[in-house]
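What follows is the residue order along each chain.
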Number of protein chains: 2
Amino acid sequence: MRIILVTGMPGSGKTVVVEVASREFNLPRYSMGDVVREEALRIYGSMSADTLLKTAKILRDTYGLDYIARKTVERINASRSVVVIDGVRSLEEVEAFRRIGETVIIAVHASPKTRFERLRRRGRLGDPVKWEDFVTRDLVELSLGIGNVIALADIVVVNEKPLDEFVKEVKEVLGRVLGVACDKDHC
Amino acid sequence: MRIILVTGMPGSGKTVVVEVASREFNLPRYSMGDVVREEALRIYGSMSADTLLKTAKILRDTYGLDYIARKTVERINASRSVVVIDGVRSLEEVEAFRRIGETVIIAVHASPKTRFERLRRRGRLGDPVKWEDFVTRDLVELSLGIGNVIALADIVVVNEKPLDEFVKEVKEVLGRVLGVACDKDHC
């Protein structure tokens, strides 16, 4: 089995990659966040940004740095030859997937300035409004080890362009990974 | 003063960026490694890969995580409006440069596979011959915090292409950073 691990800092656009993989290439997608959300609901009865962060920390501290990955592995449909995982944040998590298949890490990068503007515009619950909050959130992500995963990515896609151009590039990248030829308009 | 901080994993090609900045844009370059090499010579009387690593560790443990950056700052010619720094490895080091000017982080990325092949071909003293040695060296770099600097880079340049194409892209990137217009053949 090939496992495409998608990573990136908040606001980089990693969800776009997962969505293109799902929509255009019919790949099953699994979000690491699903495990955290379900556990947060069980422990705290809520899924606020704060309880999600606390839950992720509890799970890692109690069951190991790769716990969320291992629980995600359990959900993977073993009959599929390629799957996509959303939200890998540490090398320990990468290792958990490497034990069950061949991994390809795709990291999405955008500058802090671009990501901040994007998150501010998005305005989802828990998204930072102030630069200081954005920096704090970045540091929490980095403390989990996401920088190491980005540094060791097999492919980095830079996302500083308009969405339609980024989607086009992601299609080409995924096409290459999957060995599917892409022409100008279709993949 | 503007300070261009160049970072990247071993074999990514970060030295190419520093060389293009120096040669094509006449920017003064400072290598963080110079501080380490001089101290290694003073402490151990040698500059082997092993004593360099030990020296860097001693300097950080004794004088602080930003020590090598602070010593590099002391060398910077304050009369220049833009300088280039080779080899930033942690956010603490970035912070030391941020105290004296406006920083722009340029990270160079290449896949582990590409970097390993490059280092093996290069065969400089201390370069890994075996994949296991390459992975160990990567982990040492990551333990210093270089992944965090890459994740928070202002610009990422992907270096999976032939050298001449990479040099051309680097010229364009530096031209944009410096506000210099580049045409097809010249910057």
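Residues numbered from 1 in each chain as written. Chains lettered and ligands numbered in written order. Predicted model: local features only at pLDDT ≥ 70, side-chain atom pairs only at ≥ 80, totals over all residues. Heavy atoms only, no water.

1. Here we look at the interface of chain B and chain A
Point 1. Counting from both sides, the interface comprises 20 residues of chain B and, opposite them, 20 residues of chain A.
Point 2. A per-residue breakdown of the area chain B buries against chain A is headed by B:H109, B:A151 and B:L152, which together make up 32% of the total.
Point 3. The interface formed by chain B and chain A holds zero salt bridges in total.
Point 4. For the pair chain B and chain A, the number of links is two residue pairs in polar contact (both at pLDDT 80 or more).
Point 5. For the side of chain B that touches chain A, the secondary-structure elements that each account for two or more residues are α6 (112-122), α7 (131-144), α8 (146-151) and β5 (155-158) of chain B.
Point 6. When residues in the side of chain B that touches chain A are grouped by element, the largest group, four residues, is from α8(B). (Contact = heavy atoms within 4.5 Å. Buried area = accessible area lost by both parts, 1.4 Å probe. Salt bridge = Lys/Arg side-chain N within 4 Å of Asp/Glu carboxyl O. Polar contact = N/O pair within 3.5 Å; in protein donor to acceptor, adjacent residues only side chain to side chain. Helix = DSSP H or I, 4+ residues; strand = E, 2+ residues; numbered from the N terminus.)

2. Remarks on the sheet that holds strand β4 (residues 102-109) of chain B
Residue and element names in this part refer to chain B.
Point 1. In space, the five strands of this open sheet follow the order β2-β3-β1-β4-β5, with parallel pairing throughout. Of all strands in the sheet, those bounded by a partner on one side alone are β2 (29-31) and β5. Geometrically, the sheet is characterised by an average inter-axis angle of 25° between neighbouring strands, direction not taken into account.
Point 2. Sheet analysis places strand β1 (residues 2-8) next to strand β3 (residues 82-86), joined by five bridges and oriented parallel. Directly across from I3, in β3, lies its bridge partner V83. (Pairing = 2+ DSSP bridges. Axes fitted to C-alpha atoms, helices over the stretch in contact; angles between N-to-C directions.)

3. A short note on the side chain of A:S31
All names here are of chain A.
Point 1. Here S31 shows up in strand β2 (residues 29-31).
Point 2. Classification of S31 by relative accessible area gives buried; the value is 18%.
Point 3. Polar contacts involving the side chain of S31 include one to the main-chain amide nitrogen of G33, which spans 3.1 Å.
Point 4. Once you skip the residues sitting within four places of it in the chain, S31 turns out to touch R37 and D86. (Buried < 20%, exposed > 50% of the residue type's maximum accessible area, 1.4 Å probe, protein only.)

4. A look at unusual backbone geometry
All names here are of chain A.
Point 1. Notably, N26 is not glycine yet its phi reads approximately 60°, a positive angle.
Point 2. With respect to the helices, strands and loops of the structure, N26 is situated in the loop between α1 (14-25) and β2.
Point 3. Exposure remark for N26: the relative accessible area of 56% places this residue in the exposed category.

5. Focus: the relation of the copies chain B and chain A
Here the second copy of the chain follows from the first by a rotation about an axis and a shift along it.
Point 1. For the pair chain B and chain A, the relating rotation is 180°, the translation along its axis is 0.0 Å, and the fit reaches an RMSD of 0.0 Å. Both copies of the chain, as the preceding transformation shows, are related through a two-fold rotation axis. If distances are taken from each C-alpha of chain B to the rotation axis, the shortest is found for B:G147, at 2.0 Å.
Point 2. Both copies present the same face, since 100% of the interface residues in chain B are matched by interface residues at the equivalent positions in chain A. (Least-squares fit on C-alpha atoms with pLDDT ≥ 70 in both.)

6. A word on the packing of helix α1 (residues 14-25) of chain B against helix α9 (residues 163-178) of chain B
Residue and element names in this part refer to chain B.
Point 1. Contact geometry of α1 with α9 gives a least axis separation of 10 Å together with a crossing angle of 65°. Of the two possible hands of crossing, α1 and α9 adopt the one that is right-handed. Residues V16, V17, V20, A21, R23, E24 and F25 of α1 lie in contact with α9, whose contacting residues are L163, F166, V167, V170, K171, L174, G175 and L178.
Point 2. When grouped by side-chain class, the residues that make up the contact of α1 with α9 number eleven nonpolar, one polar and three charged. (Left-handed = near helix turned anticlockwise from the far one by under 90°. Nonpolar A, V, L, I, M, F, W, Y, C, P; charged D, E, K, R; others polar.)

7. Observations concerning the confidence of the model for chain A
Point 1. Scored by pLDDT, chain A has a mean of 93; 96% of the residues are at 70 or more.
Point 2. On the interface metric, ipTM, the complex scores 0.92, and its pTM is 0.93. (pLDDT = per-residue confidence, 0-100.)

8. A word on the packing of aromatic side chains
Here the distance between the centres and the angle between the planes together describe a pair of aromatic rings.
Residue and element names in this part refer to chain A.
Point 1. Taken as a whole and judged by the stated rule, the model has eight aromatic pairs over all chains.
Point 2. Between W131 and F134, the aromatic rings sit 5.1 Å apart at their centres with planes inclined by 40°, giving tilted as the arrangement. Linking W131 with F134, this pair stays in helix α7 (residues 131-144), spanning three residues, or about one helical turn.
Point 3. Judged by its relative accessible area of 39%, W131 falls in the partly exposed class.
Point 4. Residue classification places F134 among the buried positions, given a relative accessible area of 1%.
Point 5. Three or more aromatic residues joined by ring pairs form one cluster here, namely F116, W131 and F134. (Phe/Tyr/Trp six-rings, centres within 6.5 Å; stacked < 30°, edge-to-face > 60°.)

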